[in-house]
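Here's the letter readout for the chains.
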Amino acid sequence: MKTLKKYRWPLTGALLGALIFLLLYGVRVLDPTSVDWILNNHSPDPAQHYLGWELFRRSPVHLPYIGANYNAVYPFRTSVLFTDSLPLAALLFKLLGGILPTRFQYFGWWGLFCYMMQGGLAQAVIARIAGVQPIFGRGDKSKAAIAIIMSPGQTAKLWGSVLGAGVLVLFPALTMRTFAHEALAGTWLVLLALYLWLRSDELMSATRRACLLWGLMGLLCAGIHLYYLPMVGLVLVGYAVRRALQKRGPAAVLLPIAAFCAAALAELFLLGAFAVNFAGYSNGYLSGADYLGLFVPWLAPSWEQNVYMGLGAVLAVVLAIFSVVCNARKAERFFTAHHDWVVAGVVVLVLDLLAAGGNAITVGGKTLFTVPIPQFLMDFWAMFSSCARLAWVAGLLLAVAACGLVLRFWQKGVVPALVLAVCAVAQGWGQRGELFNRWTDYHYYGFRYENKTLLTDPAWENIAASGKYSHLAFASFDFEHDEFWDLVDFAADHGWTSNSFYMAHMDGNLAAVTLPGELNDLAAGTLYAFIDEDELARNSYDLHYYRLDGILIGSVEPIDGLEEDPAPEVPARTMDLTKSDVDPLFLAADGIVLGMNGEMMTEEWTLFPGRYRVTLTGSGFDHSYIYARYGLINEETYKLDIDFTGIDPNEMTFEFTATEMLHYWRVAVHTLDDTNVTVNSVTVEKIG
């Protein structure tokens, strides 16, 4: 009871976070055996995180890499870190794997935990800035019990800090990432770092203790998501700057930073982060934030670059400035007395915005200038290519500081609490569309919780029960199909390995070149999957082919009880035009219409060596330029030598020979004048 009384206000903030979570997502996501709501998500990311864990839980352990996953891209090695499966939770539950049900997920409880931590820590930080946190009783020498000693109005302000926490619980980054990119929903890590920083004089009076606490923060960040290492690291820089201003000596400034980095690096080593195959630590570009995007919601050029801190947080900043101006003398005395905090906070904000902006400085939708970056620095920085996310630190810091200053400088009584209540309501109102969508998705639509797998034929379970197979091999590296995720789910459920999976920081080029090698050495214990364009290669490999639920599978040995799929004389597949890149975009009912200066690039395919025929149907082809190209991502693109064998305004046919694997092969159509060109279909045949 004493502990509850001591922490009742942060616990109230945590309770607020839990209530908001349950209102949005309900309780069904908390069932650890319920995974369909994850696999049915609109985005493939949650499926990646869950299936990464499922493959990891059954993966063998080879020291020292306790976080290595040998089942996801067998026979190669990756890490549970790069499937964004919350490594610390994955390791914990892997230890309990023997007693867990076949299907088990911890992501629902993680979401609830994030909302509770966000609410509890936000309240604690806001109360600290406002100067209204409860203090120990004067007569209690042991400080084991707590008596709240408050002047009139403090209770109202403490309730105000809880309402201010509501602004942070509805922080847009948390809303967007929950059950979309679960690991990145841990925005509470930044608040925890801010809380430790604000209480550093009490909690870290000795450098040894500072090293311990910041080292633990390094472990937490590395074990949840890599992006929180620079975010929390920026707060740690603020701590170090303040220690320097206090003239605490080099050890007090540098050793906590060293402890943070050493602990994180040691954990990353054990997780196998530096020993994975197909690692692509740099994608060569930076997606920076628009600085005004913190305050204006429609400036983000992409979802990844959305750093808006919310209407309520912006309102709180405006009200905080107003309260400071109205209490100028009091504010001057306060900021003078806490000048070291102010300087350190400004340093954190400036460094954070520089890091989040990337090398293209953008304000109000306009790029002011681009900073030339040395290649070695670009390669390092591009590990965090979605660097706009780093601006979450600025948003969180401004939001908690604004709420705290409103409570500190506004008039006494219940008015400050009411003001922050308005801010919390405004924060929710500004996201009403997104919040309503989440409520309907998780409460109204029952199909989210239903098994929607494409693998409904009983033969799948018969194949698994036969015990003849232990490995699933995809003919090529392509995870853009629903069938891919259902097949991996099938493999994970039955303890099989898979040769293909999507990972963060993955060298997709290397994977695309390497994984088709599975077909060079056919194995009896492997079930081969040919999805979409891979079916064109079926005649090139001596396998028994079967079609289950429309999916073509192959086996070295015949599968008892199944009728083989008849081999077509000429394998053919039609491209999905809705996956084409079209500029300007215009989709007709039966195809794509290109106007003046129109350009279309079909979806990307992998083609095995052989002779191919491509047929385009539509109209206006006599006013177009058509060609085919291929080439690895961010590398040189090659045009194919093609032979047109049929030329007609309504149908164009060309052939070509692939002497090697063609990766990311596409067909392009350009208009030559102002005559419209319509593309109704693109069909590819393997004729030799």
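Quantities reported herein were computed from a predicted structural model and do not represent experimental measurements.

### Re the sheet that holds strand β8 (residues 544–548)
Thought 1: Taken in spatial order, the 5 strands of this open sheet run β6-β5-β7-β9-β8, and their pairing is mixed. Each edge of the open sheet is held by one strand with a lone partner, namely β6 (497–498) and β8.
Thought 2: The pairing of strand β7 (residues 526–530) with strand β9 (residues 551–555) spans 3 bridges and is classified as antiparallel. Bridging from a neighbouring strand, Phe 530 pairs with Leu 552 of β9.
Thought 3: Here helix α22 (residues 482–493) sits on the sheet and contacts β5 (471–474), β6, β7 and β9; the angle it forms with β5, its principal contact strand, is near 165°.

### Points about the pairing of β9
Thought 1: Of all 5 residues that make up β9, 5 are buried, and the element is covered over most of its length.
Thought 2: Here β9 shows a buried face lined by Ile 551, Ile 553 and Ser 555 and a second buried face lined by Leu 552 and Gly 554.
Thought 3: Bridge analysis of β8 against β9 gives 5 bridges, and the strand direction is antiparallel. Bridge pairing in β9 places Arg 547 opposite Leu 552.
Thought 4: Hairpin geometry of β8 and β9 is characterised by an intervening segment of 2 residues between the two adjacent antiparallel strands and by a positive phi of about 55° at Asp 549.

### Let's talk about the pairing of strand β21 (residues 662–671)
Thought 1: Most of β21 is tucked away, with 10 of its 10 residues classed as buried.
Thought 2: Inspection of the sheet shows strand β14 (residues 599–601) paired to β21 by 3 bridges, in the antiparallel sense. Opposite Met 600, over in β21, you have Val 669 as the bridge partner.
Thought 3: For strand β15 (residues 605–607) and β21, the ladder comprises 2 bridges, and the chain directions are antiparallel. Bridging from a neighbouring strand, Leu 607 pairs with Leu 662 of β21.

### Remarks on helix α16 (residues 339–357)
Thought 1: Relative to the 27 Å expected for 19 residues at 1.5 Å per residue, α16 spans 27 Å between its end C-alpha atoms, a close match to the ideal helical length.
Thought 2: Those residues of α16 that sit buried are Asp 340, Trp 341, Ala 344, Gly 345, Val 348, Asp 352, Ala 355, Ala 356 and Gly 357.
Thought 3: Turning to α16, the residues buried within the fold contact α9 (188–198), α10 (200–203), α12 (228–245), β3 (360–363), α17 (375–381) and α18 (392–409).
Thought 4: Immediately downstream of α16, the backbone of Gly 358 shows phi near 70°, a positive value.

### Considering the packing of α9 against α18
Thought 1: Axis separation between α9 and α18 bottoms out at 10 Å; the angle between their running directions is 55°. Classified by the interaxial angle, the pair formed by α9 and α18 is oblique. Note on packing geometry: the crossing formed by α9 with α18 is right-handed. Contacts between α9 and α18 pair Val 190, Leu 191 and Leu 194 from the former with Val 393, Leu 396, Leu 397 and Val 400 from the latter.
Thought 2: Here the residues of the contact of α9 with α18 are counted per class, giving 7 nonpolar, no polar and no charged.

### Section: a nonpolar patch on the surface
Thought 1: Residues Val 61, Leu 63, Ile 66, Leu 265, Phe 269, Leu 270 and Phe 274 make up a contiguous nonpolar surface patch of about 670 Å² in total accessible area.
Thought 2: On the secondary structure map, Ile 66 appears in the loop between α4 (45–57) and β1 (68–69).
Thought 3: Of the residues examined, Ile 66 reaches a relative accessible area of 33% and is grouped as partly exposed.

Thresholds applied
Residues numbered from 1 in each chain as written. Predicted model: local features only at pLDDT ≥ 70, side-chain atom pairs only at ≥ 80, totals over all residues. Heavy atoms only, no water. Pairing = 2+ DSSP bridges. Helix = DSSP H or I, 4+ residues; strand = E, 2+ residues; numbered from the N terminus. Contact = heavy atoms within 4.5 Å. Axes fitted to C-alpha atoms, helices over the stretch in contact; angles between N-to-C directions. Buried < 20%, exposed > 50% of the residue type's maximum accessible area, 1.4 Å probe, protein only. Expected span 1.5 Å × (residues − 1). Parallel < 35°, antiparallel > 145°, perpendicular 65-115°, else oblique. Left-handed = near helix turned anticlockwise from the far one by under 90°. Nonpolar A, V, L, I, M, F, W, Y, C, P; charged D, E, K, R; others polar. Patch = residues over 30% accessible without salt bridge, like charges linked within 9 Å, V, L, I, M, F, W, Y side chains within 5 Å. Areas by Shrake-Rupley, 256 points an atom, 1.4 Å probe, with all protein chains shown as cover. Salt bridge = Lys/Arg side-chain N within 4 Å of Asp/Glu carboxyl O.

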